[in-house]
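# Tertiary structure, described
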Amino acid sequence: MTSKRMVALVVAVLTLSVLLPVTLSVWVAHYQAKKEFTRDLSNYGERVILRAQQVVSQAKNTLKEIDAFQGTPCSPLHLQTMRRAAYTHRDVQEVLWLNGLKPECSSLESHSRNVEFPPTDRRTDDGYRVWLTDINDLGIHHYMVALASTHHMVMVDPGSFIDVVPFAPWTINTVLIGSRTGSLISNSAPFDMRIWQQEHPLGDHTFARNGMIYNLRDYPDIGISQIIWAPTDPLTSKWHQQMLIWLPIGVLISLLGAGLILQMVRNLQSPYHRMLDAINSRALDVYYQPIVSLRSGKIVGAEALARWRQPDGTFLSPDIFVPLAEQSGLITRLTGLIVEKVFEDLGPWLKQHPDKHVSINLDPQDLISAKLPLQLSQQLNKWGIPPSQVALELTERSFIDLKNSASTLSQLRQAGYALYIDDFGTGYSSLSYLQNLDVDIIKIDKSFVDTLEFKNVTPHIIEMAKSLQLAMVAEGVETEVQRRWLSEHGVQFGQGWLFSKALPKAEFIAWAEDNLHQPDAT
């Protein structure tokens, strides 16, 4: 991913981390306000319906009591019984005795007017007939709800159904409508019946219209539709109250989220975390540069070299990431990964060619860790390879702290691993301690190979190695002249672009097999 795309992604994530919690907090505040507002409407509506059911139940109980009367209809005793029933049930306005559909007397009139109620097909579940009518024996034009048994009728004022005080701190109104007839039974405020006609077919739901929020509910068991409504101004006020709670929470979450993301970005961009992620994801590759005999040109082994491919396809130089691993304390984990990959890549090839070897670069910190000998032993046992096929390359500074590394060096040497001194001649004390080291080969640094024509230092290095009976590998051999000079002066092995650059596993094995089938250079 390019830096520009990374920056764009970071900006997008940061923007989202800031805006999302704030936006969510605004939405939650609105949701909570609407939820509480709707809950208040619903609670009030349920209390109104409960009240209506209580009134109807009271009317039914009145009918049951008066139906128990066994005396003469409309007699003084009967009239007194009806008056007592109306008096003791506060929501019952009047009790009547019917002869068919005509009232003969009531709790208010000894002899009722000559009126007749129309037939009705509405009945409660328990068989009582129901009317919504303005017919009465008092000659008053006022709609009443009437329930009747065979001979008795009770009249109830529909206003009793909505005689409920809302607990909400704002005005809530209600209307009761006959769900089959569409007749207005009772209302606490003027109501446009066209709203019910338009919304009733949609069933129970909440809707907004003209600055009001309506809640419609149907109660088919008692044949009533109910609409509760209230102005939206209190909802806005409630929303603002909720905003005082939720918006600071959203802002706090935004700040925490932004800080966390910035920290994650810093971690992702920090060299340490990039290196750690690369090791954990095994994102580093191993390339292999052939080591050949300078006389025959035949391969004798290969040096394993770590490669770290970047997102843009380029490789980060080991001169950069190896010191980084050393400074960050990740070098032993890096070495462990390289060891694993070397055996995964070349285990079968080494087993097939027991006279060939692979050399692995070590860091001074690897010699302090007790993990390396165990890991090498496990890999050798896994692939059935002897230690002699593994060479361990150490830089000169690996021997500076011999007090801490001597034990591991001795353990590795006794196990049978070959020890190389890499980049020999570039350290400040190489000539003084070389005779005291138990090593097998020194690798002549490329800087000395490049200056062969001056013949100043390189011949002395070669003569010193000969006197100590050490084999030599010349690094960075790039020309035939260099190969010939080194070979003539007794350097046994070489590596460099004259033979091959460092290759990935498959290409290296193909090159090695082809090399083995070529005739000797001599």
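Description of the structure in this document. (Residues numbered from 1 in each chain as written. Predicted model: local features only at pLDDT ≥ 70, side-chain atom pairs only at ≥ 80, totals over all residues. Heavy atoms only, no water.)

### Comments concerning the overall build of the protein
The secondary structure content of the protein amounts to 14 helices and 19 strands. With 522 residues in all, the protein has 47% of them scored as buried. Pairs at least 24 residues apart make up 61% of the contacts formed inside the protein by residues separated by at least 6 positions. Roughly 26,600 Å² of accessible area belongs to the protein as shown, and the carbon and sulfur atoms make up 56% of that amount. (Helix = DSSP H or I, 4+ residues; strand = E, 2+ residues; numbered from the N terminus. Buried < 20%, exposed > 50% of the residue type's maximum accessible area, 1.4 Å probe, protein only. Contact = heavy atoms within 4.5 Å. Areas by Shrake-Rupley, 256 points an atom, 1.4 Å probe, with all protein chains shown as cover.)

### Description of the sheet that holds strand S10 (residues 224-231)
If you walk across this open sheet you meet the five strands as S7-S6-S10-S9-S8, and the pairing is antiparallel. Every interior strand has two partners, whereas the edge strands, strand S7 (184-187) and strand S8 (205-209), have only one. Sheet twist, expressed as the average angle between the axes of neighbouring strands with direction ignored, equals 20°. Where strand S6 (residues 173-178) lies against S7, three bridges are found, and the strand directions are antiparallel. In the strand pairing of S7, Leu176 is matched with Ser186. (Pairing = 2+ DSSP bridges. Axes fitted to C-alpha atoms, helices over the stretch in contact; angles between N-to-C directions.)

### Let's talk about the packing of aromatic side chains
A complete count under the given rule lists eight aromatic pairs for this structure. Each ring, one from Phe117 and one from Trp131, has its centre 6.0 Å from the other, and the planes form 45°; the classification is tilted. Separated by 14 residues along the polypeptide, Phe117 in the loop between strand S2 (102-106) and strand S3 (129-133) and Trp131 in strand S3 bring together distant segments of the chain. Relative to Phe508, the ring of Trp349 lies with its centre 5.4 Å away and its plane at 70°, an arrangement referred to as edge-to-face. With Trp349 in helix H7 (residues 331-352) and Phe508 in helix H14 (residues 505-516), this residue pair connects regions lying 159 residues apart in the sequence. Chaining the aromatic ring pairs together yields one cluster made of Phe191, Phe207, Tyr214 and Trp229. (Phe/Tyr/Trp six-rings, centres within 6.5 Å; stacked < 30°, edge-to-face > 60°.)

### Some words on H7
Over its 22 residues, H7 runs 31 Å from end to end, which matches the ideal 32 Å to within 8%, given 1.5 Å per residue. For H7, the principal kink sits at Leu346 and spans about 60°; a proline, Pro348, occurs within the next four residues. (Expected span 1.5 Å × (residues − 1). Bend = angle between axes of the 7 residues up to and from the residue.)

### Observations regarding the sheet that holds S3
Pairing is antiparallel in the open sheet, where five strands are placed in the order S2-S1-S5-S4-S3. Since the sheet does not close on itself, it has two edges, and those belong to S2 and S3, each with one partner. For this sheet, the mean inter-axis angle between neighbouring strands, taken without regard to orientation, is 30°.

By themselves, these figures tell us nothing about what the structure is for.
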